[in-house]
Amino acid sequence: ITSAVAFDILPLKLHPFSQSTPTGLDCVGWKWRISSPVIADGALDKTALTDDVGSEEDLYEEFRSSSHRYGHTGGGGEQLAINELISDGSVVYAEALWDHVTMDDQELGFKAGDVIEVMDATNKEWWWGRILDSEGWFPASFVRLRVNQDEPMDDYPLKAEGGKEDDSSSATRRFGMGQTTKDQMRTNVINEIISTERDYIKHLKDICEGYIKQCRKRADMFTEEQLKTIFGNIEDIYRCQKKFVKALEKKFNKDHPHLSEVGSCFLEYQTEFQIYSEYCNNHPNACMELSRLAKVNKYVYFFEACRLLQKMIDISLDGFLLTPVQKICKYPLQLAELLKYTNPQHRDFKDVEAALNAMKNVARLINERKRRLENIDKIAQWQSSIEDWEGEDVLVRSSELIYSGELTKISHPQAKSQQRMFFLFDHQLVCCKKDLLRRDILYYKSRINMDDMEILDVEDGKDKDFNISVKNAFKLHCRDAEEVHLFCAKKPEQKQRWLKAFENERRQVQLDQETGFSITEVQKKQAMLNASKQHHTGKPKAVTRPYYDFLMRQKHPTLPTTLPQQQVFMLAEPKRKPSNFWQNISRLTPFRK
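Worth saying up front: this structure is predicted, and the values here are computed from it rather than measured.

Asks: Would you mind showing me how to read the environment of Asn 285 here?
Replies: With respect to the element layout, Asn 285 can be found in helix H8 (residues 276-293). Taking the C-alpha atoms as reference points, Asn 285 and Ile 230, 55 residues apart in sequence, are found 7.3 Å from one another.

Written as structure tokens, this is what we have:
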């Protein structure tokens, strides 16, 4: 199961940090009246955390005791409106933001992009819905209400009492939404894009000014390294989004929103949006650090005091820190909906079409970078299992295993042929020898720098350079020296797979150069350190629980008894095949036990 759900903050009750979509996070502008000691620049007055007014717990209790005057349950108004529509006989549709995979027959499974008819929203966290003939509970945090509820359902036609499909006009009457022109629908989408961007800017500002600024004033509680772990590069994202929302507002036609031309804004900022990759990759670390701090009361009270003084809605810090991850996922959905209601003759059509593809590419890039970062730990573990390793670590130059397998190698005409295991990484080919008795043990022998090599296909027959007969062969030839390596595979199809792998290796290197992908020295060192610790213990290291295992656990008497865990990084477009890294290595070279 890969999903998550929102939860309310209960006074003085410690909650593990979830990866939920916080209910009510889009509600802003709540009026707060707090008479609290705040110094001129908006920072928390240090006296507020001293014995003059009591402990941090006393401060928290003071805010909590008066919270009923200005508190907000989060999402209550929207939830009430949904239930009123449903009770009036209107059909309410929601669109899935995440995959919800479940084995429970009482839950409704769906994929990102699916359209769900909401039939009951009385519970804040679990709604009852229907897709075609299937009904069940699903996490409310996994969907967003459709902007255009009056949109004709092409894929999910409405059925009238007589069993015939309703036409668009009858559907409109059922929805009670009024005008259904394409221009009006485009207006709805444009307004949603603009309003959600403004809300998002406020959330980012609240995090930067309400939390980060206060944390930096408490050097006794937080180190800079801790703050980097918790907040990542969210300040860079805030600066980027401020510029982006200004560009959007310049293109926004207030009098006739459907004439707005916003596609060019997304195209202009598509490269800058790649900074979300760093944030998304760091987010699991942030959740783990917050989970650790949640065990210490003074941090719980401090974070809550920050939230109240910044007049933020009743969502925990981890909920706010999830918003950038959600935001970058939402752009392709919004643009797809905008394109749907943009006429091909509209001046914005081509830009919106290009922007949709651009934001899908950003999503793909973020997923790819996450996958690559996950692989570096596996590469480090692989290297630690190799005996007699020499030279620099693989991670110094490489971050991806492209292909591996057994080949016969001849390095010069007078040399004997050698059976070796080869591992092709980006930038290098590593050669290892199997142990004669224990075939699961490998010994390091050499490596070849692929940046200096060109691949030559060799026809079956006698090779002129090596003066021997070969079959299923190819060569690696150094461009700047007389270095030549001859390789032979056992079967023709194996040779073709190797030739294809060398093409993929060069393509990967070029793509990394174009996108600026790199792994920091800190990440490399940490991966090797973890692998070294595991290797010296002599037994497999226990698998670290994924960060989403820190979700709150609660039960509903008539609702699902387990909370789904959100697949935060599986962005809506497209689904990527799992990495075959372990399959390649474990199939060909079992690690030393």
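Asks: How should the packing of H8 against helix H11 (residues 323-340) be read in this particular structure?
Replies: If you want to describe how two helices pack, look at the angle between their axes and the distance between the axes. Orientation of H8 relative to H11, taken along the N-to-C sense of each, is 130°, at an axis distance of 9 Å. Considered as vectors, H8 and H11 are oriented oblique to each other. Where H8 crosses over H11, the two elements pack in a sense that is left-handed. Only Pro 324, Val 325, Lys 327 and Ile 328 of H11 make contact with H8, whose side of the interface consists of Tyr 276, Tyr 279, Cys 280 and His 283. Class assignment for the residues of the contact of H8 with H11 results in six nonpolar, one polar and one charged.

Asks: Just to check I follow, could you spell out the pattern of salt bridges for this structure?
Replies: Pairing of side chains with opposite charge becomes possible as their charged atoms draw close. Under the counting rule described, the total for this entry stands at 34 salt bridges. The residue Glu 192 makes a salt bridge to Arg 144 at a minimum N-O spacing of 2.9 Å. Residue Glu 192 is located in helix H4 (residues 182-216), and its partner Arg 144 is located in strand E5 (residues 143-145); the two are separated by 48 residues in the primary sequence. Each member of the pair Glu 192 and Arg 144 is classed as buried. As a salt-bridge pair, Arg 216 and Glu 224 come within 3.7 Å of each other at their nearest N and O atoms. Judged by its relative accessible area of 43%, Arg 216 is partly exposed. Through salt bridges with shared partners, one network takes in Glu 368, Arg 371, Arg 372, Glu 400 and Asp 512.

Asks: Where do I start with the confidence of the model for the chain in this structure?
Replies: The predicted coordinates of low-pLDDT regions are not to be read in fine detail. Residue-level pLDDT values for the chain average 75, and 70% of them are 70 or greater. Long-range and interchain partners of residues 1-76, a stretch whose pLDDT sits below 50, account for 188 contacts in this model, where long-range means more than four residues apart. Low pLDDT, under 50, characterises residues 152-180; the predicted model gives this stretch 45 contacts beyond four residues in sequence or across chains.

Asks: Looking at this structure, how should I read the pairing of strand E1 (residues 92-96)?
Replies: Along any regular strand, the residues point their side chains to alternate faces of the sheet. Counting buried residues in E1 gives five out of five residues, a clear majority hidden from the surface. Burial along E1 is two-sided: the face carrying Val 92, Ala 94 and Ala 96 and the face carrying Tyr 93 and Glu 95 are both buried. The pairing of E1 with strand E2 (residues 115-120) spans four bridges and is antiparallel. Within the sheet, the bridge partner assigned to Ala 94 lies in E2 and is Ile 116.

Asks: In this structure, what is going on with the sheet that holds strand E4 (residues 134-139)? I would like to understand it.
Replies: Two strands in a sheet stick together by hydrogen bonds in their backbones, pointing the same way (parallel) or opposite ways (antiparallel). Spatial strand order, E4-E3-E2-E1-E5: five strands in an open sheet with antiparallel pairing. Either end of the sheet is taken by a strand with one partner, and the two such strands are E4 and E5. Taken pair by pair, the neighbouring strands of this sheet meet at an average axis angle of 45°, ignoring direction. Lying on the sheet, H11 is in contact with E1 and E5; it crosses E5 at an angle near 35°.

Asks: Looking at this model, I keep getting lost on the environment of Leu 335. Mind explaining?
Replies: Here Leu 335 shows up in helix H11. In this structure, the C-alpha to C-alpha distance between Leu 335 and Asn 357, residues 22 residues apart in sequence, is 9.2 Å. Beyond its immediate chain neighbours, meaning those up to four positions away, Leu 335 contacts Phe 266, Val 352, Ala 355, Leu 356 and Met 359.

Asks: How do you make sense of the nonpolar core when you look at a structure like this?
Replies: Across soluble globular proteins, nonpolar side chains have a tendency to be buried as a group. Membership of the largest hydrophobic core comes to 82 residues, with the highest contact counts inside it found for Phe 231, Phe 266, Phe 273, Phe 303 and Ile 328. Ranked by residues supplied to this core, first place goes to H4 with 13 residues. For Ile 328, the contacting residues outside a window of four places in its chain are Phe 273, Tyr 276, Cys 280, Met 359, Val 362 and Ile 366. Grouped together as the second largest cluster of nonpolar side chains are 22 residues, Ile 376, Leu 395, Cys 432 and Met 528 included.

Asks: For this particular structure, what's the right way to read H11?
Replies: For an α-helix, 3.6 residues make a turn, and residues three or four places apart therefore share a direction. With 18 residues, H11 extends 25 Å from end C-alpha to end C-alpha; this agrees with the ideal 26 Å at 1.5 Å per step. Buried residues dominate H11, accounting for 16 of its 18 residues.

Asks: Looking at this structure, how should I read the packing of aromatic side chains?
Replies: Each aromatic ring pair is summarised here by two numbers: the centre-to-centre distance and the angle between the ring planes. Under the criterion given, the structure shown has 24 aromatic pairs. Ring centres 5.8 Å apart and planes at 40° place the aromatic pair Phe 222 and Phe 303 in the tilted group. Taken as a pair, Phe 222 in the loop between H4 and helix H5 (224-231) and Phe 303 in helix H9 (residues 297-309) lie far apart in primary sequence, 81 residues in all. Three or more aromatic residues joined by ring pairs form one cluster here, namely Phe 244, Phe 266, Tyr 269, Phe 273, Tyr 276 and Tyr 331. Directly above the ring of Tyr 238 sits Lys 242, whose terminal nitrogen or CZ lies 4.5 Å from the centroid.

Asks: Even after reading the chapter, I still don't get the sheet that holds strand E10 (residues 453-458), so can you show me in this structure?
Replies: Taken in spatial order, the seven strands make up an open sheet running E9-E8-E7-E6-E14-E13-E10, and their pairing is antiparallel. Strands at the two margins of the open sheet, each flanked by one partner only, are strand E9 (442-449) and E10. Strand-to-strand twist of the sheet, defined as the mean angle between neighbouring strand axes without regard to direction, takes the value 35°. Most of the contacts of helix H12 (residues 349-384) go to strand E7 (residues 418-425), to which it runs at about 155°, and overall it touches strand E6 (401-410), E7 and strand E8 (428-434).

Asks: When you look at the environment of Ala 112 in this model, what are you seeing that I'm missing?
Replies: Relative to the helices and strands, Ala 112 resides in the loop between E1 and E2. In sequence terms Ala 112 and Trp 98 are 14 residues apart; their C-alpha atoms lie 4.5 Å from each other.

Asks: What should I look at first to understand a positive patch on the surface in this one?
Replies: Residues Lys 205, Lys 242, Lys 246 and Lys 250 make up a contiguous surface patch of positive charge. The element that contributes the greatest number of residues to the positive patch is helix H6 (residues 234-251), accounting for three residues. With respect to the element layout, Lys 250 can be found in helix H6.

Asks: Could you clarify how one ought to interpret the side chain of Ser 385 in this entry?
Replies: Here Ser 385 shows up in the loop between H12 and E6. For Ser 385, the side chain forms a polar contact with the main-chain oxygen of Trp 382, separated by 2.6 Å.

Criteria and thresholds
Residues numbered from 1 in each chain as written. Predicted model: local features only at pLDDT ≥ 70, side-chain atom pairs only at ≥ 80, totals over all residues. Heavy atoms only, no water. Helix = DSSP H or I, 4+ residues; strand = E, 2+ residues; numbered from the N terminus. Axes fitted to C-alpha atoms, helices over the stretch in contact; angles between N-to-C directions. Parallel < 35°, antiparallel > 145°, perpendicular 65-115°, else oblique. Left-handed = near helix turned anticlockwise from the far one by under 90°. Contact = heavy atoms within 4.5 Å. Nonpolar A, V, L, I, M, F, W, Y, C, P; charged D, E, K, R; others polar. Salt bridge = Lys/Arg side-chain N within 4 Å of Asp/Glu carboxyl O. Buried < 20%, exposed > 50% of the residue type's maximum accessible area, 1.4 Å probe, protein only. pLDDT = per-residue confidence, 0-100. Pairing = 2+ DSSP bridges. Core = buried A, V, L, I, M, F, W, Y, C linked by side-chain atoms within 4.5 Å. Expected span 1.5 Å × (residues − 1). Phe/Tyr/Trp six-rings, centres within 6.5 Å; stacked < 30°, edge-to-face > 60°. Lys NZ or Arg CZ within 6 Å of the ring centre and 35° of its normal. Patch = residues over 30% accessible without salt bridge, like charges linked within 9 Å, V, L, I, M, F, W, Y side chains within 5 Å. Areas by Shrake-Rupley, 256 points an atom, 1.4 Å probe, with all protein chains shown as cover. Lys, Arg positive; Asp, Glu negative; His and termini not counted. Charge placed at Lys NZ, Arg CZ, Asp CG, Glu CD. Polar contact = N/O pair within 3.5 Å; in protein donor to acceptor, adjacent residues only side chain to side chain.

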